[in-house]
Every structure is written in structure tokens, then in C-alpha cells.
Amino acid sequence: MFDIFFVQQLVNGLSVGFIYALMAIGFTLIFGVLNVVNFAHGEVYMIGSFAGLMSITAFAPPLFVVILVALAFGALAGFGLERIAFRPFRRFRDEASLKSKAVREATLLSSLAISIIVRELAEKIFGSNMQAIPQEYLLLTPVQIGPLTFANGQFLIFGLSIAMLGGLQWLLKRTRIGLAIRAVANNPMGASYVGINTERTIIATFIIGSTLGAVAGLVVGLYQGAIFPAMGFAPGVKAFVAMVMGGLSSIGGAVVCALILGVSEAVTTSFFAQGWGDLVAYVFLVITLVFFPTGLFGGGRERV
Amino acid sequence: MRRNIAVGILLLLVFVALPGLLSAVGGGYWFRVTTTIGVFAILTMSANLVTGTTGLMSLGHAGFYGIGAYTAALLATKLHWPFLLTLPAAGLVTAAFGILLALPTTRLIGIHFAVATLGLGEIIHLTLLNWVGFTRGPMGISAIPGISLEGLFPASDIGHYYAVAIIAVASALVLGRLTHSYYGNALRAVREDDQCAAAMGLDVVRLKIQSFGFACFFAGVAGALWAHTTGYISPADFRFSESILVLAMIVVGGLGSLPGAVLGAVILLILPEVLRPIGDYRMVVVGAVMFLCILFLPRGLLGETPVLAILRRQFGLAWDRTKHLGWRQ
Amino acid sequence: MSTTILEIRNVSRRFGGLLAVDDFSGSVGRGERVGLIGPNGAGKTTLFNLITGFTPVSSGFIRFDDVELTHLKSFQVARLGIARTFQNLRVMPNLSVFDNVSIGALGELGHSPLAALFGRREQAKAVSQRTWEALERAGLQAQAGELAANLSYGKRKYLEIARALALSPRLLILDEPAAGLNDTETAQLAEFIRKLSNEGLSLLLVEHDMNFVMNLCERVMVMASGRKIADGTPHDVSRDPAVLEAYLGSEESDSPEEAAA
């Protein structure tokens, strides 16, 4: 017999999970195409939410314009990130160098450095405390469906997530740029040999991934009512966990694992304090890495 | 002979010249700054062993630093152990944790290992934060006794300076022996190409675990020193950003080079002190410096290759023809 | 002491549905120079990986001087006395030539941190001596202080062999040693390998350069599609119809009919 409380937690967990999923996709896309982890992905999420807040305080536009603003800033941030933290390390074009350990370490460190700079600058500009989102925009209106209570924000999260996931699938399967992304993810050298502009594809991947992350950040801000500059770190790591659990190169796997993660977290938080909920993701991470190096759904990358 | 002179000068600097200078400039505050540098130098050297020399990128080193600090703090405040006991205890407990946690992760490579250490570091931090019954959580542990010798001298800033300096020099000696030896070559082989190293007969798993163990021992020692010299610790001292700070220090100094690690620590700690107006932007500076170093000085300021060459020429072998190629240990 | 130093018996390696090595049996005699040839994809490198512990054996066993090797890890195989070089030279570019070769010495002589800490010089001296000897054998003593990254392709090959020699191996496995070398360099390499063999080293090598193999090796094993299809002297193997078919496909057998038509 289904405990209503438990089902409620499930729903809450799913909405958190969808947020992680949106971010996890960004990670997976970038990892697929460049074989590097983008440590600054969490900051893009933060940028989306702050961009939204700034547009709200500046000229109070309707909600969907706020979303567009977040999208735009996310795309810009993604582009900037790629140019600054990743491109300078692709000095050598041959396969061996691209996948070399030194290059990957360098990009890991450089994206890490950039994420620190962005986060600290944001803290200087906005202060490290929580910034409240104006009342009118909050999506906390409760909606009763049967015995369950939802916030309308959760509907937005579900709707937006599914729309974006669907949009991404369409993009990857039905458009040329999507084909280019899949090709480069599969074999960068081969892709360039058949005339695909790998540089542009990489940029496009960053932009797409970052847009998803930025929108996720905005929606979370609207749903939770307050944002702060360091908000990107934890979801970033959790999205990474989802990606690893899902097998590194599988978008579907990452999404499923993100949902699992979200639900586990919600359940843990309701039984223990908030702090222990965060622990869940990290424990999952370590367990997955140690016992399931190819991800829960297999097909992960072998060692290079 | 040349070697002895160089070492002698360095020791003179650390134990006589510098304290004299700092006393003249006003004591107190500056002693605390250099004590911090000393603690971080030990921490950085330990991180250098595992990340720079062995190539295991650890993003959770602050967690082990924290285990050391809390071990010392709890032993001192709850069981009233003296500093001379808490220090080695902290080192050993941290080393034990390090080995335990390293065992399952040795199979992991590159980015996977890095992220696993990030996860471990966060797990440690969150546990310190939330296990309020044991660690007092965010309130931290206060009133940790300073470093003093019963009846001989009480805790003081200058006393702390000397204690840290002595331990830092001792740590440098030990870590130096490990790094600048054939054993160091074995670790470097693990870094360069661990599959190939195994094919050449090296027990790579054992080397990784040993390296992690030693590094964690010294991280624990650094933690104990931090606890005793500052008197108060809280989980906030041991977050991810501290791990990144340490990482930045070894990148700036030169991955794999021991003197580089110390230099990196000095630079990244002095910078915010010297450039007071930007002191608040410490982490931004750290991030920026790290980024610029990776971009323009991938070998860091005192890169491993030149440092090893210098060390060998001065302190290395002299077996006839192989005059400056091999190691004495 | 038997005359066989390496024995491979019914070894198979399965990757999912694919049999990369299929029931392979063969041997290398003490002091013998054995070649392993076969078309690309025949499973030769996989076989090397099986012998040296890089990949686990699915079935069968491998014995080295009467010691069971089958389930040993690669560092244990190396310490038993089997050293190898790699097809795509795996030299450690950031270390000096001397340090590269010392890795092999460390593998065999051991690498204890306690030795480093409590300073007994004998072990270090032994490592240095062994390293230097390997360097001299390979003719690299002049380059000993150079960074390995600065070495030419040809010299890197000798570096890999020197590193393998530092292990004091009894069996040396060479994976395409002559690849990328010109005729003069190839001849010099063959000379060098022959010298090593005369000093008592057993050899197993994979090579595509047929002249190299036929002139250097006393016996040749031929692999195709994971299976052994021939095993004999170079002279016999080069005339074996199964071998010719594996290399040339069935075009040869078509031509007489085509000629008749």
C-alpha cells in the first residue's frame, strides 16, 4: 500500500532529478565530443539563474522572456567557456594529442580554474548570501491533484525538461548539426576527414549543453525562491555522478540515473537532515566508480 | 661540500634570519603568516608526492588534512594528549584512512580517480559537518592547546613558528628522500604510463597505495599542526576549495617538483597578504594564477625536469661514468 | 631443464562473441629465435597480451620455464623473466633515457620506499649498474642524459629494448621491432637482435617485414583469424599453401582457372 508521504517524496525527487538530468546532458554531450570533463558546468547553471534575476529586477518581463534571457546568457557563457578554457589546449590536432593525458589534465585544471574565478567574482558582485527572487515570479503555488500536492513550479520543471529532452533528441537525430555532434563524438578524426567542421561542432555542443544547464538553474531559482553564487557546485557534481552512473557516453543513461539520484536524495533528506541528503550523491559516485567503472548501464568508455 | 653549504644556508635562513627579521618587523601577525605557510608547505609537498610525482590527481586532499586536524583536536581536547603524541597519531590515522580509501580506487584511471577523490573529499567534509555528536559539526572544535613543552616554554607565536619550521624541514627531508631516489623513479613511471610500468615489472597497485599512504600521513601532520597553532578548527577549513588551493599551489610551483610545491605555497599565500586590497579576492587570484600557469607555464615555475637535473648534479650519484644520472637511494 | 622455455597450450581469448585467439598452441625453445607472422587482425598482438598478462586468458594455459603464467598479472610475468616491447613505442617521454631504462631494472630488483628512506646504498648501486649495462648493450650510453622525448624514432626503438633488457629477461618479446625503419636500420637491428640471441636470450617476435623474419628467425609460426595455421622453418612456411592463401586470399587459386577460361 502506497504511503502518500512516500509518493510525495517521489514526485519531489523526480523534479530535482529532472534538473540534474538537464545538467547531466550538458556534461555528457561535452564529454562525448571532447572526452573532457567540464568543471565549469555548475557555473553556467548559476549564470542562468542570476541572468534571470537581473532581467527580473531590471525590467520585470513575462516569465517566458526570463527563460529566453537565461537561455541566451547560457549560450553566451558556453561559448565563452569553450573559447577560454578549452580551445587553447587543442593546440595539436592529431588524435594522440587530443586524447593525451596531459591535455585532458590541463583542461580539467583550466575549467576548474575558470569555475573558481567565475564563482568568486559572482560572490564579490552579488555577495555570497541568498538572493531572493521576487514573489510574483515564484512558482510555489500549490496544486492539489487527488491526495498529492504539487507546486506549479514542478509542472514547469517536468514540462520544460521533457520539452528540452525531446528537442535535443530531435536535434541530434534530425538535424545536420546533431549528426555532426554524433559524428565527432564517435570519431573526431574521421569526422573531420568527411568534411565536418569539428571546431564549430564543438562550439555548438558547448552552447547546447550550457543552455540546458542555464535553464535548469533558472527554473530551480524560481522554484526554490532564492539563489546564491555557489549554487552551481553541488548540482554540477551530482550531474557528473549521473553521467558516470549512466555510462559516460549515454544521454539516456545519464537522464535515468539523474532521476534515480534525485529520488534517492529526496527520500534520504526526508528521513535524515538536509546535509545527509547531499552525501547520497557522493556515496553513489564513489560506489559507481569503484564497482561499476563502465557505468550502471554498461557501454562506458574503456581506458584510452 | 657544495651541498652542505647550500643546506646550511637554507637552515640558517629558516631558523635564524627569518625569525629575526619577522621579530624586527613586529612579530605576532607575521609569525602567524609564516606558520600558515609552513603548514601549507607540508600539505603541498604531500600533495605533490601523490599528484605531481605519482600522477594521481587528487581533488580531495583537504579531506585528509581535515581528518588529521580533527584527530589531533579531538585527542587533545577530549583525551588531553600532548602535542608530541597527537602529531604522530594524526599522521597515522590519516594514513590509515588514506590507504583504506585508496585500495578500492587504484583501478581507476585519470579523470575517474580524480572525481572519486573529489567524492571522498566531499564525503569527509560532509561527515565532519553533519556528525555533530562527534565533531560538533559547524561549531567546530575550539580551545585546542597550542604547542608547548611542560615547564620549558608556553605556547606562543614564535614557538609555533619554530615547531612548524622543524617539522616542515623534517617532512621535506623525508619526502625529498622518497621523491629524489630510484623509488621516485618508480612513482614517476606510474605517472608516465602505468600499464607500461606494470609490463616492466613494477607493482603499480602497491606503488599507488604507498604513495597515497605517505601523502596522507603528511597531510595529517599538517592538519595536526593547523589545529594546534590556530586553536580552533571547523569543517569550513576543509572544503573542496582548500583542495583546489593546494592543487593550484603545486601547479604553479611545478607538478612533480618538491621545491616547486613549496614555492607555489609561498606565492599563493603571500600574494593575498602582500596585495592587501585584493586580499578578499584571494580565490579569484588563485584561480587566475592557476589558469595562467597552465596556459603559459605548463611545467610550472620550478618544473620537475630542471629541478631533478639540478638535484642530481649537486646531490646525486657519482658512480664513475653515470656521474649525474642515477640516484644514491 | 627442458629445451622449451615458453609453452602455450590450447589458449583462447574470447571477446563477447569474437574469438580473437582460437585454440592456439605453440612454444619457444631455449635460446631459440621464433617469429610470429600473419595478416593484420590475425590475433598476434592479442597473443602477446595474453602471454604478458595484459589480457586474461579465456581458456588454455601458458607455462614459462615450468611456471604457470596463465593467471598472473603483467608485473608478475615481467618479474619471472619475460620482457616486451610495444608496437606503438611506449617510451616515457618526460623522463631521461637513463631513467627510462632504470624502470626495467627497478622492476626486477624491486622498489621499496624503505630502501629510499633508510639509505642503504647497495640497492641503488645495483639498479644503476644494471641500467648502465643495458644502455651499453643497446649502444645508448651517449644519450643517457637526454630526455626521451628528444630521441629519434630509431633510437627510441633501442631505448625500448634497453629498458626490456634491464629486466634481465630470459625471453624477449618484440612487437614489430622493424616497423618504420629503413633498410640500413633494419639490417642493424637484425644484427643487434642476433647478438642478443647469441648471448643466450630466447626471442619471440612479430614482424611484417618478411625478409627480416625469414633471415633472423629459426622457426616461424603463422596465425590467421586467431588460429595457428603453420609452424616450421622459414623455408617451409613460405611455401605452405595455407599460409599463402591466408596472405593472398584465394586469388592465387583463382588464377589458374582464370588463365584456363
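Residues numbered from 1 in each chain as written. Chains lettered and ligands numbered in written order. Predicted model: local features only at pLDDT ≥ 70, side-chain atom pairs only at ≥ 80, totals over all residues.

Let's shift gears to the overall build of chain C. Secondary structure summary: chain C contains 11 helices and 10 strands in total. For chain C, the C-alpha radius of gyration of 20 Å lies close to 18 Å, the compact-globule estimate for 261 residues. Its C-alpha atoms put chain C at 80 × 40 × 35 Å along the principal axes. Split into buried and exposed, the 261 residues of chain C put 46% on the buried side. A separation threshold of at least 6 residues defines the contact pool for chain C, and within that pool the share at least 24 residues apart is 68%. (Helix = DSSP H or I, 4+ residues; strand = E, 2+ residues; numbered from the N terminus. Rg over C-alpha atoms; globule rule 2.2 N^0.38 Å. Buried ≥ 20, exposed ≤ 12 C-beta atoms within 10 Å, placed from the backbone. Contact = placed C-beta atoms within 7 Å.)

The next point concerns the arrangement of the chains. Contacts between protein chains span 2 pairs of chains, and they are most numerous for chains B and C. Between chain A and chain C there is no contact; the minimum C-alpha to C-alpha separation amounts to 11 Å.

Looking at chain B as a whole, the pLDDT averages 85, with 92% of positions reaching at least 70. Helix α14 (residues 304–315) of chain B is the least confidently modelled element of chain B, averaging 72 in pLDDT, while helix α10 (residues 204–230) of chain B averages 94, the highest of any element. (pLDDT = per-residue confidence, 0-100.)

Here we come to the interface of chain B and chain A. On the chain A side, the residues contacting the 31 residues of chain B number 31 residues. Those elements giving two or more residues to the side of chain B that touches chain A turn out to be α4 (83–105), α5 (110–130), α11 (240–253) and α13 (282–296) of chain B. Among the elements that take part in the side of chain B that touches chain A, α5(B) stands out by supplying 13 residues, more than any other.

A word on the sheet that holds strand β4 (residues 59–64) of chain C. All names here are of chain C. Spatial ordering of the open sheet is given by β2-β1-β4-β5, a layout of 4 strands whose pairing is antiparallel. The open sheet has two free edges, formed respectively by β2 (18–29) and β5 (67–68), since each of these has just one partner strand. The pairing of strand β1 (residues 4–15) with β2 spans 8 bridges and is antiparallel. Counterpart to E7 in the pairing with β2 is S27. Here helix α1 (residues 44–51) sits on the sheet in contact with β1, β2 and β4, set at roughly 65° to β2. (Pairing = 2+ DSSP bridges. Axes fitted to C-alpha atoms, helices over the stretch in contact; angles between N-to-C directions.)

This brings us to α10(B). All names here are of chain B. An ideal rise of 1.5 Å per residue puts 39 Å on 27 residues; α10 measures up with 39 Å between its terminal C-alpha atoms. For α10, the buried fraction is high: 22 of the 27 residues fall into the buried class. One or two positions beyond α10, positive phi appears at G231, with a value near 80°. (Expected span 1.5 Å × (residues − 1).)

This paragraph deals with the environment of A:A242. Residues and elements named next belong to chain A. Considering the arrangement of structural elements, one finds A242 in helix α10 (residues 233–245). Look at A242 and you get buried, because 31 C-beta atoms sit within 10 Å. The sequence separation of A242 and L261 amounts to 19 residues, and the corresponding C-alpha distance is 7.2 Å. A242 has contacts with Y20, A21, A24, A254, C257, A258 and L261, leaving out every residue within four places of it along the chain.

Moving on, we come to the environment of C:P241. Along the polypeptide, C:P241 turns up in helix α10 (residues 241–248). As for C:P241 and C:A230, which are separated by 11 residues in sequence, their C-alpha atoms are 9.7 Å apart.

This brings us to the nonpolar core. Generally speaking, a soluble globular protein has its nonpolar side chains buried in company with each other. Counting 293 residues, the largest nonpolar core has A:A21, A:A24, A:A242, A:A258, B:L202 and C:A162 as its most contacted members. The biggest single contributor to this core is helix α1 (residues 4–34) of chain A, with 16 residues. Those residues in contact with A:A24 that lie beyond four places of it in its chain are A:A239, A:A242, A:M243, A:A254, A:V255 and A:A258. (Core = buried A, V, L, I, M, F, W, Y, C linked by C-beta atoms within 7 Å.)

What follows concerns the sheet that holds strand β7 (residues 171–175) of chain C. Residues and elements named next belong to chain C. Taken together, the 6 strands give an open sheet; going across it, the order is β6-β7-β8-β3-β9-β10, and neighbouring strands pair in mixed fashion. The strands lining the two open edges of the sheet, one partner per strand, are β6 (82–84) and β10 (227–232). Across the sheet, the mean angle from the axis of one strand to that of its neighbour is 20°, orientation sign disregarded. Summarising the sheet, strand β9 (residues 219–224) and β10 pair through 5 bridges and their orientation is antiparallel. The residue of β10 that forms the bridge with V222 is A230. On top of the sheet, α1 reaches β3 (33–37), β6, β7, β8 (202–206) and β9; it is set at about 150° to β7, its chief contact.

The next point concerns the interface of chain C and chain B. Contact with chain C, which involves 35 residues of that partner, is made by 32 residues of chain B. Of all the elements in the fold, those that place two or more residues in the side of chain C that touches chain B are α2 (74–80), α3 (97–109), α4 (113–117) and α5 (121–138) of chain C. In terms of residue class, the side of chain C that touches chain B is built from 16 nonpolar, 11 polar and 8 charged. (Nonpolar A, V, L, I, M, F, W, Y, C, P; charged D, E, K, R; others polar.)

So, about the packing of helix α6 (residues 152–174) of chain A against helix α9 (residues 198–224) of chain A. Residue and element names in this part refer to chain A. Packing of α6 against α9 leaves a shortest axis separation of 10 Å and a crossing angle of 170°. Accordingly, the angle class assigned to the pair α6 and α9 is roughly antiparallel. Together, G153, L156, I157, L160 and M164 of α6 and L212, V215, V219, L222 and Y223 of α9 make up the contact between the two elements. By residue class, the composition of the contact of α6 with α9 is 9 nonpolar, 1 polar and no charged. (Parallel < 35°, antiparallel > 145°, perpendicular 65-115°, else oblique.)

Residues and elements named next belong to chain A. For strand β2 (residues 142–145) and strand β3 (residues 148–151), the ladder comprises 4 bridges, and the chain directions are antiparallel. When the bridges of β3 are listed, I145 appears paired with L148. Linking two consecutive strands that pair antiparallel, namely β2 and β3, is a turn of 2 residues; a positive phi of about 60° is found at G146 within it.

This next bit is on helix α6 (residues 153–165) of chain C. All names here are of chain C. Taking 1.5 Å of rise per residue, 13 residues should cover 18 Å, and α6 covers 19 Å from first to last C-alpha, within 8% of that figure. Within α6, 10 of the 13 residues are buried, leaving the element largely enclosed by the surrounding structure. Buried-residue contacts for α6 involve β6, α3, α5 and β7.

Each regular strand carries side chains that alternate between the two faces of the sheet. All names here are of chain C. With 5 bridges connecting them, β1 and β4 associate as antiparallel partners. Bridge pairing in β4 places L6 opposite F64. Note: β4 against β5, 2 bridges, orientation antiparallel. When the bridges of β5 are listed, R63 appears paired with E68. Hairpin connection between β4 and β5: a loop of 2 residues separates the two successive antiparallel strands, and D65 in this loop has a positive phi of roughly 50°.

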